[in-house]
Amino acid sequence: MLDEIPGINRERIKQFAISYALYIMVHCCRSTWSYASGLIIEGNKIEGFTPQFLGYVNFTFLLSMGVSYFLLGQLGDKINPKLFVILGTYPLSALFIILALIFEFTTSPKELYLVLLLLAGMFSSTAWPGLLSIMNAWMPKEQKVIILGIFASCINVGNIAGFINSGITIEILDLSILTPIYISGGLLFIMTIIFHRFIKPKPTITSEHVIQDTSQQPYVSKEVVGVKKLKIWKAWLLPGVAVYALAFGCIKATSMIMGLWLPAYLDYLHVGFVALINIMLDLGAGFGGVIVCYLGVKYQKRATIIVPLLWLGTILMVAINFLKDYDNPYGGYMALNFGVGLFIGGCYNNVAAAIAVELSNNKALKKYKHATATVTSLIMGYGTLFGALNQIVVPYVKDYLFLYCGILAVVGGLLLIVVILTEWKVSDEPDKLNKEIEMH
């Protein structure tokens, strides 16, 4: 057994830490761009770079990432997941540096940024499915959901790192708005090299109970009778996948709007301490993801816990919408954004990591090998595409940004009611479902 091998826990910690740090850098790049884009609009740095155009830029980025999830997701279950990850993170790091160089040394038309963000979306799509596949292979079954809840906080730590990076370099040191982009792109490149060097995609045990490094071996297993690769369109038939994907679309759209638009929204209202307010949102989400995962494991009622939390977060978002009527709303923004992160961000992390892996490990998948990246890509792909569509809507509802996000959260909760009903029934029929999948 894997758990009986000397040094296995130390190796697990190493794999977790390196993977965690890599995705921190991915999101550090994204949040740095989010911060910088708000300042580009405010300072009219690029002709025609308006809030509406930023909506199209964000839409392009998310559309590209969503489509890439669908097109490339299955590849993560067919090749070495370590290779799958770095195929995206190496060019992504270079692209952010190129973006800053173009902005600094040329007068390129604003449409060029659409092309760059389209490429960034494509390269961003490989990291999360590949990393979850690695985590699923390494982490112990009994604690896997809790560990994945902790792992998902790397999204929020990355966002916080990006806002700290931007806040220090721009607001405190008064450096160029491009400086944090150079820094985040460079750190992602360095972290990708470390990941490339030290990550083992899965533990392979020899007869002497030694963990071999499988990173240089082709990720092709021997054919086993009855073992197949799951097609992404068949994954829709798995229990809970379709409903969670639809609900996740609303949750991810809310999170994406908050992440990509909150800095620009606060600048639009001339609110100070933008970086700190954004940090409170992600700080709440990091804690919330762990708490929601823990409660889900303890009570085995995932949707029953998620829906009330989504709606509690909605109440807080509606309250935030009225803060603009006050003279000094900084404390209110910080407190309420922490609450929104705790409730809605916590649910986002839970579905994006723990529930996605749980669904990919469903008993109905006993005939399918390596399904984690496929199921994760399906859920993330649909959620990202729905989030992309909302980027076009946001500029037209910017005065009611939090109210609009609240509506999305309510709809996401309503979609999960069907899962709540299922959770309270004993209806586990994996064999019947297997036949249904085969028939399609």
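For the protein chain, the name recorded in an unreviewed UniProt entry is Major facilitator superfamily (MFS) profile domain-containing protein, with Paramecium sonneborni as its organism. According to the UniProt record, the Subcellular location (unreviewed entry) comment for the protein chain reads "Membrane". Quoted straight from UniProt, the Sequence similarities (unreviewed entry) entry for the protein chain says "Belongs to the major facilitator superfamily. Organophosphate:Pi antiporter (OPA) (TC 2.A.1.4) family."

A. Layout of the pattern of salt bridges. Following the criterion strictly, the structure yields 3 salt bridges and no others. Connected through shared salt-bridge partners, Glu11, Lys14 and Lys200 make up one network.

B. A look at the packing of helix α2 (residues 51–72) against helix α13 (residues 372–393). Look at α2 against α13: their axes get within 8 Å of each other, and the N-to-C directions meet at 160°. One finds that α2 runs roughly antiparallel with respect to α13. In this structure, the crossing between α2 and α13 has a hand that is left-handed. Along the contact surface, α2 presents Gly55, Tyr56, Asn58, Phe59, Leu62, Leu63, Met65, Gly66, Val67, Tyr69 and Phe70, while α13 presents Ser377, Leu378, Met380, Gly381, Tyr382, Thr384, Leu385, Gly387, Ala388, Leu389, Gln391 and Ile392. For the contact of α2 with α13, the per-class residue count stands at 15 nonpolar, 8 polar and no charged.

C. Seen up close, the environment of Gly162. Within the fold, Gly162 resides in helix α7 (residues 153–172). By relative accessible area, Gly162 is classed as buried at 0%. Sequence-distant contacts of Gly162, defined by excluding residues within four places in its chain, comprise Cys28, Ser31 and Thr32.

D. Local environment of the side chain of His27. Here His27 lies in helix α1 (residues 8–42). Residue His27 is classed as buried on the basis of its relative accessible area of 8%. Discounting chain neighbours no more than four positions away, the residues touching His27 are Ile155, Gly158 and Asn159.

Here is what the cut-offs are and how they apply
Position numbers for residues start from 1 in each chain and track the written sequence from start to end. pLDDT decides what is reported in this predicted model: residues at 70 or higher carry local features, side-chain atom pairs at 80 or more are listed and counted, and totals for whole chains, interfaces and linings draw on all residues regardless. Excluding hydrogens and water, the side-chain figures rest on all heavy atoms present in the structure. UniProt positions are given in the numbering used here, feature names are shortened, and annotations may be inferred rather than shown by experiment. Basic side-chain nitrogens of Lys or Arg form a salt bridge, by our definition, when they fall within 4 Å of a carboxyl oxygen of Asp or Glu. Fitted lines through C-alpha atoms serve as axes, helices being fitted only where they are in contact, and the angles separating the N-to-C directions of these axes extend from 0 to 180 degrees. Secondary structure elements are taken from DSSP: a helix is a run of H or I of four residues or more, a strand is a run of E of two residues or more, and numbering for both begins at the N terminus. Angle categories are assigned with fixed cut-offs, so that under 35 degrees is roughly parallel, over 145 is roughly antiparallel, 65 to 115 is roughly perpendicular, and the rest are oblique. For a crossing to be left-handed, the near helix must be turned anticlockwise from the far one by less than a right angle; the clockwise case is right-handed. Throughout, a residue-residue contact means that at least one pair of heavy atoms, one from each residue, lies within 4.5 Å. Three classes are used, and their members are as follows: Ala, Val, Leu, Ile, Met, Phe, Trp, Tyr, Cys and Pro are nonpolar, Asp, Glu, Lys and Arg are charged, and the others, Gly among them, are polar. Throughout, exposure labels follow a simple rule: accessible area from a 1.4 Å probe, protein chains only, divided by the maximum for the residue type, with under 20% read as buried, over 50% as exposed, and the rest as partly exposed.

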